[in-house]
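Secondary and tertiary structure notes
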Amino acid sequence: MNTPTGAGKGADSVTEVAEAHARAGGRTADRGAWFLVLPALLPILLLSVGPLLYGILLAFTDAQSGRTTATRWIGALNFRDLLHDTLFWESFRIGLVWAAGVTVPQFLLALGLALLLNQDLRLRGLARALAIVPWAMPEVVVGIMWRLVYNPDAGVLNETLRDLGLGGGRDWLSGLATALPAVIVVGVWAGLPQTTVALLAGLQNVPRELHEAAAVDGAGAWRRFRTVTWPALRPVALAVTALNLIWNLNSFALVYVLTNGGPGGKTRLPMLFAYEEAFRYGQFGYAAAMGCVLVAVVSVLLAVFLAGRLRGGEDA
């Protein structure tokens, strides 16, 4: 039976009104959502995005401390000077060595510790609590503590070496050949807990039934790790490694307390170099340009990581 023309128009009108109400309700819901998010968004905009934009703007000026003339816009002059600054690129090389030297052994040690803490051991809870103690210590405290450990006269390390008949008396943080390796050891120790916790959380998400089935099939410990544990742990491992690499590349406080960039600039990381340019020599514009370069490098690392994750998701 055919629907009367008037009835059809009435039904269309009802549908249009319902759609209009739905759109209005959606807009109201969006406004409500923004109202709820705004208290958390404002601190991010004020404390993170705002200073970042101001730093980028400052990099294109000749801002200096103590000057009486107005700050001028100089375009990309700071970046051009930075390209020819061998001291900055040397600090960047040291920063890459530091970041890789801390991240790689930190991950390997944390993986072994996480596998150990994932076993059914006696006093496992106490062991897990002790494993995260360095995480609870501020970086400044860690730096002061390790300066005492490395003390050439009364440090624990040199005293132990003397007791073992292996010499001692070396000034680990002042030697040109030993300063960077000594600082890397501290960086590995300080960052080990959070990497261990992340990997341990990933291990606990691996079903025990898969390990039991692999053991029944005759798979040894290494084969079970390679075929069962690692595929499930790989996303967590990639994420924590990428974040650690970025975090270590931006390190400042720990190395500043330990060596202040010395001796002879052997531990002067890029962030230390930028700090010195800004607050020791008053070159705010030039230091801001260094910060922009570091932000660009970190952005590239994040882009590579995210591209790898997306490609891995597509393959899966």
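Preceding block: the structure.
Figured I'd write up the structure that's included with this text. Everything numeric here is computed off the predicted structure, so don't read it as measured data. Throughout this description, residue numbers start from 1 for each chain and increase along the sequence as written. Totals for whole chains, interfaces and linings use every residue, but because this is a predicted model, local features are given only for residues with pLDDT of at least 70 and side-chain atom pairs only at 80 or more, for both listing and counting. To get the side-chain values, all heavy atoms of the structure are used, and hydrogens and water are removed first.

Below, the discussion takes up the overall build of the protein. Counting its secondary structure elements, the protein contains twelve helices and zero strands. Each helix is a run of H or I in the DSSP string that is no shorter than four residues. Each strand is a run of E no shorter than two, and both are numbered from the N terminus. Secondary structure elements in the protein, listed N-terminal to C-terminal, are α-α-α-α-α-α-α-α-α-α-α-α. Only protein chains enter the accessibility calculation, which uses a 1.4 Å probe. A residue is then buried if its area is under 20% of the maximum for its type, exposed if over 50%, and partly exposed in between. A total of 316 residues make up the protein; the buried ones form 32% of that total. Here the open area of atoms and residues is found with the Shrake-Rupley method and a 1.4 Å probe, where only the protein chains shown may cover a residue. Roughly 19,300 Å² of accessible area belongs to the protein as shown, and the carbon and sulfur atoms make up 67% of that amount.

On to unusual backbone geometry, then. Residue Pro263 is reached from Gly262 by a cis peptide bond, and omega for that bond is -5 degrees. Relative to the helices and strands, Pro263 resides in the loop between helix H10 (253-258) and helix H11 (270-280). Here the phi dihedral of Asn260 falls at roughly 55 degrees; this positive angle occurs in a residue that is not glycine. Inspection of the secondary structure assignment puts Asn260 in the loop between H10 and H11.

Now for the packing of helix H3 (residues 86-117) against helix H9 (residues 221-249). Helix axes use the C-alpha atoms of the stretch in contact, all axes being lines fitted to C-alpha atoms, and the angles between their N-to-C directions lie in the range 0 to 180 degrees. Look at H3 against H9: their axes get within 10 Å of each other, and the N-to-C directions meet at 145 degrees. Pair H3 / H9 crosses with right-handed handedness. Two secondary-structure elements touch here, H3 through Gly95, Leu96, Trp98, Ala99, Ala100, Val102, Thr103, Gln106, Phe107, Leu111 and Leu115 and H9 through Phe225, Trp230, Leu233, Ala237, Thr241, Asn244, Leu245, Asn248 and Leu249. Helix crossings get a hand from a simple test, with the near helix turned counterclockwise from the far one by less than a right angle marking a left-handed crossing and a clockwise turn marking a right-handed one. Whether two residues touch is decided by their heavy atoms; if any such pair falls within 4.5 Å, the residues are in contact.

Moving on to the side chain of Thr196. Relative to the helices and strands, Thr196 is located in helix H7 (residues 179-204). Overall, the relative accessible area of 3% leaves Thr196 in the buried class. Not counting the four nearest positions on each side in its chain, Thr196 is found in contact with Ala110, Leu113, Ala114 and Leu117.

This part is about the pattern of salt bridges. Salt bridge, as used here: a side-chain nitrogen of Lys or Arg that lies within 4 Å of a carboxyl oxygen of Asp or Glu. All chains considered together, the criterion is met by five salt bridges. Across the pair Asp62 and Arg72 runs a salt bridge, and its minimum N-O distance is 3.3 Å. You can see Asp62 sitting in the loop between helix H1 (5-58) and helix H2 (77-83) and its partner Arg72 sitting in the loop between H1 and H2, a full ten residues away along the chain. With a relative accessible area of 11%, Asp62 lands in the buried category. Among the ionic pairs, Arg93 bridges to Glu90, the shortest N-O distance being 2.7 Å. Of the two residues, Arg93 and Glu90 are both situated in helix H3; the distance of three residues between them amounts to about one turn of the helix.

In this section: a nonpolar patch on the surface. Taken together, the side chains of Leu38, Leu42, Ile44, Leu45, Leu46, Leu47, Val49, Leu52, Leu53, Ile56 and Val295 present a nonpolar region at the surface, about 960 Å² in accessible area. Take the nonpolar patch: its biggest share by element is ten residues, from H1. Here Leu53 is to be found in helix H1. Each patch is built from residues that are more than 30% exposed by relative accessible area and take part in no salt bridge. Like charges join if they lie within 9 Å; nonpolar side chains (Val, Leu, Ile, Met, Phe, Trp, Tyr) join within 5 Å.

Only buried residues count toward a nonpolar core. Its members are Ala, Val, Leu, Ile, Met, Phe, Trp, Tyr and Cys residues joined through side-chain atoms within 4.5 Å. Core analysis: the largest hydrophobic core is formed by 23 residues, its most contacted members being Trp98, Tyr150, Val186, Leu254 and Leu258. For this core, the elements supplying multiple residues, two or more each, are H3, helix H5 (139-149), H7 and H10. Broken down by element, the residue count for this core peaks at seven residues, all from H7. Not counting residues within four places of it along the chain, the set of residues in contact with Trp98 comprises Val183, Ile184, Gly187, Asn248, Ser251, Leu254, Val255 and Leu269. By size, the runner-up hydrophobic cluster in this structure holds 14 residues, among which are Phe107, Leu111, Ala237 and Val240.

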